[in-house]
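Descriptive structure summary
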Amino acid sequence: MSILGHIVRFIVAALVLMVVSWIVPGFSVGGFWSALILAIVIALVGYIIEAVFGRRVSPFGRGIVGFLVSALVIWIAQYVVTNVSVSVLGALLAALVIGIIDLFIPVSTPFEAGRKDGK
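Not measured: the values here are computed from a predicted model.

Calculation criteria
All residue numbers refer to positions counted from 1 along the written sequence of the respective chain. The model is predicted, so local features are restricted to residues of pLDDT at least 70 and side-chain atom pairs to those at 80 or more, both for listing and for counting; the totals for chains, interfaces and linings are taken over all residues. Hydrogen atoms and water are omitted, and side-chain values are computed over all heavy atoms in the structure. UniProt positions are given in the numbering used here, feature names are shortened, and annotations may be inferred rather than shown by experiment. We count a stretch as a helix when DSSP gives it H or I for four or more residues in a row; a strand needs E for two or more, and each element gets its number in order from the N terminus. Note on ring pairs: Phe, Tyr and Trp rings are taken, using the six-membered ring of Trp, and paired if centres are within 6.5 Å. Classes follow the plane angle, with under 30 degrees stacked, over 60 edge-to-face and the rest tilted. Think of it in three bands: with a 1.4 Å probe and only protein chains considered, a residue is buried below 20% of the maximum accessible area for its type, exposed above 50%, and partly exposed in between.

**Remarks on the UniProt feature "transmembrane region" (unreviewed entry) in the chain**
The positions that UniProt labels "transmembrane region" (unreviewed entry) are, in the present scheme, residues 7-25, 31-53, 60-80 and 86-105. Regarding residues 31-53, the helix share stands at 96% and the strand share at 0%, and the terminal C-alpha atoms are separated by 32 Å. Helix makes up 85% of residues 86-105 and strand 5%. Its end C-alpha atoms lie 24 Å apart.

Below, the structure is given as structure tokens:
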């Protein structure tokens, strides 16, 4: 994936996070730049978790473990990015809504795009 593809992916992810912040109670993002930085932080933390624990524990994985790890990553990211506030319930609901959105708009993360093995 080209650098332009990565930039577009992060912009789309930021827009999704802003939409999620409007509909999920307990999840708020201060503005577009905070959402963009949040999208980058979530991708980086997810990549680190996947590198350490493997694909099955990845927030990009499917199932209950992937869902819970996604919620945990969202909750942890609030401590890295300013103007973001997430409750535990907000992180769970945000992970659910983001997962539902991903069903309709399936796109790989920037870090998944470079993989050749498909695992």
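Read on for the rest.
**A few points about the packing of aromatic side chains**
In this structure the tally under the stated criterion is 2 aromatic pairs. Both rings, one in F32 and one in W33, keep their centres 5.5 Å apart while their planes meet at 75°; by these two values the pair is edge-to-face. The exposure class of F32 is partly exposed, given its relative accessible area of 26%. Taking the relative accessible area as the measure of exposure, W33 reaches 63% and is therefore exposed.

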